[in-house]
Every structure is written in C-alpha cells, then in structure tokens.
Amino acid sequence: MNDGVGTIAEAEKKEEEAVHPLGGRARVLLSSVFGPYARDDEYGSRSINPMELYHNQVTRTQGPFSLRMFHRSWGLMMIQANVNAPCALLDFPTLDRFIQEIREHPYDVVGISAIMPNIGKVQKMCRLIREHLPQAAIVVGGHIANAPGLEKRIDADHIIRGEGVRWFRRFLGEQVDRPIRHALILSAVKTRAMGLEVRKKKGEVAATLIPSVGCPMGCNFCATSAMFGGKGKFVNFYETGDELFRIMEGLETQMEVRSFFVMDENFLLHRQRALRLLALMEEHGKSWSLYVFSSARVLQSYTIEQLVGLGISWVWMGLEGKSSQYVKLKGVDTLSLIQKLQANGIRVLGSSIIGLEEHTSENLREAIEYSISHETDFHQFMLYTPIPGTPLHAELLAKGALLKPGEYDDADIHGQFTFNYKHPHLQKGEETQFLIEAFERDFQTNGPSILRIARTLLKGRRKYKNHPDKRIRARFAWEARELKVTFPAMLWAAASWYRKSRPELCRKLTALLNEIQREIGWKAKLAAPLAGRFVLAKLRQEDQRLKEGWTCEPPSFYEMNDPMLALFPEKPPEAARIGWV
C-alpha cells in the first residue's frame, strides 16, 4: 500500500519485529529533548512555549500570580522502571550535559521522547549520537512519532508510535506482558506562585498515577487518542480496581503521599474499576485525594456522593466551546455541573478551544465570554490545531486547507501561537489575538486562578467538616489546611496589590478573605496581615524579575536502574537510583 495509513501500518509491523542483537545486555539511555526551553532559539525552543504546562496553557497572562511548575517525562520514567536491561534516564538536560553523557558512556540504545515542535532538537540529538555513538540504535517516540515523513527528517533507527513499555521490552528480548511496575513519580517539581516556592515537605506533593494511556473518546483534534490508535483504543496498565488499589497503597507507603494526580485521559470512564476502587478505599479507610481528567458526561453519570467518596478533589474537564457538537458534552449543562462540583469542594479546570470551525471574528468574543462565565478555578485555552495523525488533520488535508511546510515553522505549532492551516473565517494572526484575549478576559473577570482555589476549598470544608464518615472528614480537613495561614496571607497580599489598580477585584478578594476568617477564626485573622506583608514583598519581587526577563527552567535529573548501577564500581555521585511499586 502506498497511502499514508498503509505506510504507517507497515512501519508499525516492522517495529514490532525489531530486536536488538544484545538483548538484555544492551545499555540504554533515555532522554528528553535538551533545554533551555523558555527562550527563542534555532532548535525550536520558544519563549511562548516553555516547559510549564500551567504557565503555558492555563495561567499564561497572570504575571506574578501565574502558577509555575514542571512535570517530569513520565513516559520515560515508566519505561525505565519496566526494563531489566541497564538503563539510565537523563531528563531536562542541557545540550552540553547531553553531549557529555553520550561521549563518556558506551550506550547501545538511545531513546528520545519529544513532541512535534521539538523536531529541531531531535534532529540535533540524532546527529550528535551518530557522531559520538555511531553503533548505537536511536529510538524516537512520543507525539513526534505521528509527524508525516519523520523518518526522512531525522536520522533514527526506530520511530515508535504508541505505548513504549512493551515495545522496549520486546526490543530488549524481555517478557513483554509481565505486570507493569509503577515508577515513583512526583506530580510536579519547583512549584511556585506569587513569588513563593511551594513547601517541599514530604507528602505535600501528589504522586503521579498512570492507570491507562490513550483515550477512547476519540475527539477529532486529540493527539493523545490518535497516538494510541484513535477512537475506542487505549491501553490499561491496571485493569481492575484491586490492581490499582495495590499500586496506590505502594505509592502511599514508599512516597508518604495521600494525594494522586491521575494521568488518565478519562479515568472515570472505566466505571467498574473506579467503583471497585471506591469500595476498597471505604473498606480500608483511605482518605486519598484524586486529581483527574474527565469528560462532562462521564462526570454526570456518577452521584456526588460517589465522587466525594472516591476522593475526587480536582477535575480537568473539556468545555471545548459554546454549542460544541462533541459527544462527551451532549445533553450536559456544564454551567450547573461545575457549580455543583465546586459547591462540594471539587476544584475544576475547564478547557476551551479557540478557532473551532464555526468561530468568526464576530462570534468569538461571545464564545470566550461563555467560557469564562463558568468561573472555573483554572481555565485552559488552546488553538484548534490539526496535529498529524488526528482525524482533524486528515480532514483538512483532504480539503487542501493545510498550510505547506514552508509556510509555517513546526516549532510554532504548539496550540498557543498560530494555526498550521487556513481557517474558514479567521484571518492569519487573528487566532493569536483572540487566544491572548481569552486568557486576559478570564483573568480580569475571575481574578488569579491560584486564589480561586480558596473559594472552592472553603465550600468543601463548610459542607463536609461534620460529615458522619471519618474518612471524608479527614480528607476535607487535610485539603483545607492552607486556609489557616497560606491563603489568608495570599489573599491579603493580592487585595493590597489591586487596591488602587482594580478596586472591584480588591473588594472581591477581601470578601473571600473575610469569609475564610469567619470560618477558620483567630489563626486566619492573625496570618492575613502578618504573613500577608511577607507575601506582598515576594509578589513585588516576582513581578520585577518577570519585567526584567527572568524565566523558569526545570532542573536536570539523572537516574539509573539497578542493572545500570551494577556496571559502576561506585555509584556516580550525581546519579539517583530509580524506584517503583
């Protein structure tokens, strides 16, 4: 077959049969693309597209109030935890650090994970590997693998589409279907907001939990769904609630956590697994908090008692757009659903699309106002982007609406800058203006996202502080712990910040602060002005640093599994030992 589908199918079959000649003796290096990331350079880094999910796509225009954090390369960590061959992981390296690693160590396999805007970095890394490790097999995976003609643009031996754990096991001659070990993964590193670093006390940061990959919903724009086979396709690492409960208990014990960021595109869709997990949590008295992704229809299929009992405390939910035709939103009153969730202490991150087919210069502002009327705790805005491999990309390709490669830069097609196609109603450049306007309107109308959380936490505490179930009382008490000092101080500082420039927002923040003080009592009343002055000083420092061009970059991580450490007479001083459940 010569069509695109046939070519991809043939390539995937070929990769399924690939086996490295050294098998389990092969030395493996896994790496993310090199930094720095938050600047414009010739390799595809963009200041507008830093390695920060929230600051990039959610709190982008909120200045010193923006939530800043980094997320590790979770896919690479899961692969490393699940192979028996000697394996090292270099996450967020600089270019010099990557060169040092491949120059000083004789790796037989080098795996690189990337997204499509990083193609320039992958090209550079492949050239360097050929120079310093000419015998090494180069494996490239992640969303970049769906780029058409990628094999002609990068010098890689293997391009892997979809799930990587089983592919690497097969490639290294290992048993493919043995149980999946879960890596010990913190959900975020270097978290900060308003100039304050989030405290690093053990157990305060959630563990990342990855039950499944892929998304069966199959929205036409979804690159994740496309990456794992499209609509109806997904890979469960843990099929049952019992398996998942054991993994969560292991993470709780080894990492001393009580909250989990559940990296599953629609966790609650697997209803039998979720309800069995709920039963086990009740049986064993677990007051866990779960931060999940879910479609509105699936959320609505659970009772609020089930959601609260399961510990759902944060939901990332697609709103997409007013009058959206997506099945996952059909028949759902998202405004009332979000109000109900927040009334029960469940924080909501809504996600809306700018540039849907029906959007025009005339109706987009109405669509933006509809999105922000939901008053979600956080709100993501993304451009409607046809990523290769998605049905949307195939549709626009058939229509001849896609731009030619020379008419745009891959590094700019990340959903936060420009289209890679001709929109039927918007002129070139309008998409960028409307996207920024959406972020700014949400910020102006609803205030800093980091402080909206306090409103929802307060509602949850009020409703459940006297709940008859000790397990539920304990969870809400733990989640509301920051209402005593941290949030009063932040609200006082923010109200002071906006006293002259935005008196209406100042009054709104002060009203919320007064509600918290009435609920919490003397500790919150003392903390507000005392700790608030310190927060205000940090906020001003942060604002000045940002004005001077300061950017956030993630730290580098270097980790080895036991078989790799066994090859060294002494453990390399900078190398950490990986752990798993």
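Criteria and thresholds
Each chain carries its own residue numbering, running from 1 in the written order of its sequence. It should be noted that, the model being predicted, local features are given only for residues of pLDDT at least 70 and side-chain atom pairs only at 80 or more, the latter also being counted only at that level, while totals for whole chains, interfaces and linings use all residues. Side-chain metrics rest on all non-hydrogen atoms present in the structure, leaving aside hydrogens and water. Two strands pair under a simple rule: DSSP has to find at least two bridges between them. Helix and strand assignments follow DSSP, with helices taken as H or I runs no shorter than four residues and strands as E runs no shorter than two, numbered in order from the N terminus. Axis lines are fitted through C-alpha atoms, for helices just across the contact stretch, and the angle between N-to-C directions can take any value from 0 to 180 degrees. Here the word oblique covers every angle except those under 35 degrees (roughly parallel), over 145 (roughly antiparallel) and from 65 to 115 (roughly perpendicular). The hand of a helix crossing depends on one turn: near helix anticlockwise from the far one by less than a right angle means left-handed, and clockwise means right-handed. Should any heavy atoms of two residues lie within 4.5 Å, those residues are considered in contact. Any residue that is not Ala, Val, Leu, Ile, Met, Phe, Trp, Tyr, Cys, Pro, Asp, Glu, Lys or Arg is counted as polar, Gly included; the first ten are nonpolar and the last four charged. Here a polar contact is taken to be a pair of N or O atoms separated by no more than 3.5 Å, where protein atoms must pair a possible hydrogen donor with a possible acceptor and residues adjacent in sequence count only if both atoms sit in side chains. Three labels apply to residues, based on accessible area from a 1.4 Å probe with only protein chains included: buried if under 20% of the type maximum, exposed if over 50%, partly exposed otherwise in between.

### Quick word on the sheet that holds strand β7 (residues 189-193)
So, point 1. With respect to topology, 3 strands assemble into an open sheet ordered β2-β7-β8, the strand pairing being antiparallel. On the outer flanks of this sheet lie β2 (68-70) and β8 (196-197), each paired with one strand and no other.
So, point 2. Note that β2 and β7 share 2 bridges and pair antiparallel. Bridged to Arg68 within β7 is Arg192.

### With respect to the packing of helix α17 (residues 449-464) against helix α18 (residues 470-479)
So, point 1. Relative orientation of the contacting elements α17 and α18 amounts to 150°, with a least axis distance of 9 Å. The angle between α17 and α18 places the two elements in the roughly antiparallel class. Seen from above, α17 lies across α18 with left-handed handedness. Residues Leu457, Gly460, Arg461 and Tyr464 of α17 pack against Ile472, Arg473, Phe476 and Glu479 of α18.
So, point 2. By residue class, the composition of the contact of α17 with α18 is 4 nonpolar, 1 polar and 3 charged.

### Some details on the side chain of Ser295
So, point 1. Relative to the helices and strands, Ser295 resides in the loop between β13 (289-293) and α11 (296-300).
So, point 2. A polar side-chain atom of Ser295 sits 3.2 Å from a polar atom in the side chain of Asn266.

### A few points about the pairing of strand β14 (residues 312-320)
So, point 1. When you tally the buried positions in β14, you get 9 out of 9 residues, the bulk of the element.
So, point 2. Here β13 runs beside β14; their pairing, made up of 4 bridges, is parallel. Directly across from Tyr291, in β14, lies its bridge partner Trp314.
So, point 3. As paired elements, β14 and strand β15 (residues 347-354) share 6 bridges and run parallel to each other. Pairing of Gly318 across the sheet is with Ser351, part of β15.

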